[in-house]
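Summary of the model geometry
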Amino acid sequence: RQVVRVEPLATMGHITAALVPLGWTLPVLPELDDLTVGGLICGVGVETSSHHYGLFQQCCVAFELVLADGSLVRCTKDENPDLFYSVPWSHGTLGFLVAAEIKIVHAANFVRVEFKPCHTAEEVNKVFAEEVLKKGENDFVEGLMYNENQAVVMTANLTNQAEPGKVNSIGLYYKPWFFKHAESFLQTGPGVEYIPLRHYYHRHTRSIFWELQDIIPFGNNPLFRLLCGWMVPPKISLLKLTQGETIRQLYEKHHVIQDMIIPLDKLAEGLGVFHKELKLYPLWMCPLLLPSQPGMVHPPGDEDRMYVDIGAYGEPKTLDFSAGDTTRRLEEYVRSVDGFQMLYADCYMTREEFRQMFDHTLYDKLRVDLGCEKAFPEVYDKICKKNRH
């Protein structure tokens, strides 16, 4: 069947450690080691293979949930299909996810990565879109935007053979952070490397994308990496647990963690909006195919559509940055282009705006049918920032 059955607390690190040595992997394997299956299904998960396979939840073939009445239910696209399509993005408000069955595909020893530096905004948009839309090519596509005009677009393909002298085990503790390594190709020009598969999957883990440079500004120094690199990254859960109220407020006022999904054909426009509102770099660009399926998130109409996730993580450089007002303007833009906000991040939308962005038709029906009103909050009440503080 090429399916693996896992419990929701299994992490991406656990899964790759178990599957890759056996010659298997997940079609979509989101980046950070500590991301859990439950969070990626009930929330969202995206990776650089999502332009082929869609979001993480679209690689799942079955869910098992404990419902409000205590019953255990299995759902697939053929068995309890309404529940199957409603679990993603529901954030545990329809029941407790206790197991999932996920497709697996054949793995390889290496990923052949091509680094393609771009030096104008027009070139970035053109190269990225072309690589995403190539039929039958590019197992993985990713872009890192380093300023308003410069980016490195990376395409990658699975392979069992590597050219001598071109293997880069980027996941070793003393290696440069991946986003800094990729940036170097802006000066050196295009290049090709072979990265071991698990190292590629978790290439941003050691630097938590680029968040660690705000926590440990000297963390990419060669001496620090050599002597202390084995200690990073710190556990995000530990950072939150030990964060005092003053630090938390400073983070909320001066720090952004957002992922916004917009149509691929709006990429140039979206990058302009992010630059105007945040002036925050790098920006992560990750393409994804959104299928026309029931549920809270789908493209308008009845056709699949290619989208791109723009990820902004760090301290904005705009002088008039305000966490609430700035995020609301970003949310308004994303709604205007039929896009979506990832709900792990701070959400400042009103309930009406939230329902405009996310299709609640099937979700509302199931909330009534399954008796969820007295057992679980609505998604909006669970994730909206003003309701959490």
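Going by the structure above, here's the rest.
Structure report, in brief. From a predicted model like this one, the values you see are computed outputs, not experimental measurements. (Residues numbered from 1 in each chain as written. Predicted model: local features only at pLDDT ≥ 70, side-chain atom pairs only at ≥ 80, totals over all residues. Heavy atoms only, no water.)

Looking at the sheet that holds strand β5 (residues 96-103)
This is how it is decided: Only strands joined by at least two bridges in the DSSP assignment are considered to pair. A run of DSSP states H or I qualifies as a helix once it reaches four residues; a run of E qualifies as a strand once it reaches two. Both are numbered from the N-terminal end. Axes here refer to lines fitted to C-alpha atoms; in helices the fit is confined to the stretch in contact. Angles between the N-to-C directions go from 0 to 180 degrees.
If you walk across this open sheet you meet the four strands as β1-β5-β3-β4, and the pairing is antiparallel. Taken across any chain shown, the strands that pair with only one partner, and hence form the sheet edges, are β1 (3-6) and β4 (72-75). Here the average twist between neighbouring strands, direction ignored, is 15 degrees. Pairing analysis gives four bridges linking β1 to β5, with the strands arranged antiparallel. The residue bridging Val4 from the neighbouring strand is Ile102, located in β5.

Some thoughts on the layout of surface pockets
One water molecule sets the probe size; rolling that probe over the atoms shows where empty space is left. Convention followed: Two kinds of site are reported from a 1 Å grid over the protein atoms alone, namely cavities, where a 1.4 Å probe fits but cannot get out, and pockets, open sets with protein on both sides within 12 Å along at least five of seven lines, and residues are called lining when an atom falls within 4 Å of a point. Grid points are joined across faces, edges and corners, and a volume is the space filled by probe spheres set on the points. Each residue gets one label: Ala, Val, Leu, Ile, Met, Phe, Trp, Tyr, Cys and Pro are nonpolar, Asp, Glu, Lys and Arg are charged, and the others, such as Gly, are polar.
The volume enclosed by the second largest pocket comes to roughly 390 Å³. Lining the second largest pocket are 21 residues, and of these Gln57, Gln58, Phe84, Tyr85 and Gln293 lie nearest its centre. If one sorts the elements of the lining of the second largest pocket by residue count, strand β3 (residues 60-66) sits on top with three residues. Each residue belonging to the lining of the second largest pocket can be placed in one class, and the counts come to 13 nonpolar, five polar and three charged.

Digging into helix α14 (residues 323-336)
Working note: α-helix, 3.6 residues per turn, so residues spaced by three or four point in the same direction. Put simply, the rule is: Helix span, as expected, comes to 1.5 Å for every residue beyond the first. Residue contacts are defined here by distance: any two heavy atoms, one from each residue, within 4.5 Å place the two residues in contact.
Relative to the 20 Å expected for 14 residues at 1.5 Å per residue, α14 spans 20 Å between its end C-alpha atoms, a close match to the ideal helical length. The inward-facing, buried residues of α14 contact α12 (245-254), β11 (256-263), α13 (267-277), β14 (340-341) and α15 (351-357).

Remarks on the sheet that holds β14
Strand order in the open sheet made by the eight strands is β10-β7-β9-β8-β12-β13-β11-β14, with antiparallel pairing throughout. Because the sheet does not close on itself, it has two edges, and the strands there are β10 (191-196) and β14.

Here we look at a nonpolar patch on the surface
Stated precisely, the cut-off is as follows: Only residues whose relative accessible area exceeds 30% and that take part in no salt bridge are eligible for patches, with like-charged residues grouped when within 9 Å of each other and nonpolar side chains (Val, Leu, Ile, Met, Phe, Trp, Tyr) grouped when within 5 Å. Method for areas: the Shrake-Rupley scheme with a 1.4 Å probe, in which residue coverage is limited to the protein chains shown. The term salt bridge refers to a pairing of a side-chain nitrogen on Lys or Arg with a carboxyl oxygen on Asp or Glu at a separation within 4 Å. Accessibility here uses a 1.4 Å probe with only protein chains present; expressed as a share of the type maximum, an area under 20% marks a residue as buried, one over 50% as exposed, and anything in between as partly exposed.
There is a patch of nonpolar side chains on the surface, built from Leu172, Tyr173, Tyr174, Leu223, Leu226, Leu227, Trp230 and Met231 and spanning about 840 Å² of accessible area. Take Tyr174: it is sitting in the loop between β9 (151-159) and α6 (178-183). Note on Tyr174: relative accessible area 38%, which makes it partly exposed.

A few points about the state of the cysteines
The line we're drawing: Disulfides are defined in this document as cysteine sulfur pairs within 2.5 Å.
A full pass over the atoms with the stated rule returns zero disulfides. Lacking any disulfide linkage, Cys286 is separated from the closest cysteine sulfur, that of Cys59, by 12 Å. When its relative accessible area of 0% is taken as the criterion, Cys286 is described as buried.

Section: the pairing of strand β13 (residues 305-314)
The buried count for β13 comes to nine of ten residues, which makes it a mostly enclosed element. Bridging between β11 and β13 involves eight bridges; their strand directions are antiparallel. The partner of Pro263 across the bridge, within β13, is Tyr307. Pairing geometry for strand β12 (residues 283-290) and β13, over eight bridges, is antiparallel. Residue Cys286 lies in a different strand from β13, and its bridge partner there is Asp309.

Observations regarding the pairing of β9
Two faces, one strand: in a regular strand the side chains alternate between the faces of the sheet. Strand direction decides the pairing type here: strand β7 (residues 110-118) and β9, joined by nine bridges, are antiparallel. Across the sheet, Arg112 pairs through a bridge with Asn157, a residue of β9. As defined by bridge partners, strand β8 (residues 140-145) adjoins β9 across six bridges and the pair is classed as antiparallel. By the bridge assignment, Met145 is partnered in β9 with Ala151. Hairpin connection, β8 to β9: the antiparallel pair is bridged by five residues.

Quick look at unusual backbone geometry
A cis amide bond, omega 5 degrees, links Val232 with the succeeding residue Pro233. For Asn138, which is not glycine, the phi torsion reads 60 degrees and is therefore positive. Structurally, Asn138 can be placed in the loop between α5 (121-133) and β8. Positive phi, close to 50 degrees, is recorded for Lys279, a residue that is not glycine.

Notes on the side chain of His202
Let me state the cut-off plainly: Polar contacts, as used here, are pairs of N or O atoms within 3.5 Å; protein pairs need one atom able to donate a hydrogen and one able to accept it. Residues neighboring in sequence count only if both atoms are side-chain atoms.
Here His202 is to be found in the loop between α8 (197-201) and α9 (212-215). A polar contact is formed between the side chain of His202 and the side chain of Thr16, at a distance of 3.1 Å. For His202, the side chain forms a polar contact with the side chain of Asp33, separated by 2.7 Å. Excluding anything up to four places from it in sequence, His202 contacts Met12, Gly13, Thr16, Leu29, Glu31, Leu32 and Asp33.

Here's the deal with the environment of Ala108
Following the sequence through the fold, Ala108 ends up in the loop between β6 (105-106) and β7. Residues Ala108 and Asn149, spaced 41 residues apart in sequence, show a C-alpha to C-alpha distance of 34 Å. Leave out the neighbours within four places in its chain, and Ala108 touches Leu158, Thr159, Asn160 and Leu197.

A few points about the side chain of Ser49
Relative to the helices and strands, Ser49 resides in the loop between α2 (37-42) and α3 (50-53). Here Ser49 is in contact with Pro27, Val28, Asp139 and Phe140, once residues within four sequence places are set aside.

Brief notes about the pattern of salt bridges
The final tally for this structure, using the stated rule, is 23 salt bridges. Across the pair Glu101 and Arg74 runs a salt bridge whose closest N-O atoms are separated by 3.1 Å. Of the two residues, Glu101 sits in strand β5 while Arg74 sits in strand β4, which places them 27 residues apart along the sequence. Residue class for Glu101 comes out buried when judged on its relative accessible area of 9%. For Lys365, the salt bridge identified is with Asp369, shortest N-O distance 2.9 Å. Within this pair, Lys365 and its partner Asp369 are both found in helix α16 (residues 361-369), separated by four residues, close to a single helical turn. Residue classification places Lys365 among the partly exposed residues on the basis of a relative accessible area of 42%. Through salt bridges with shared partners, a single ionic network connects Arg351, Arg355, Asp364, Glu378 and Asp381.

Interpretation note: all reported values are geometric properties and have no functional meaning in isolation.
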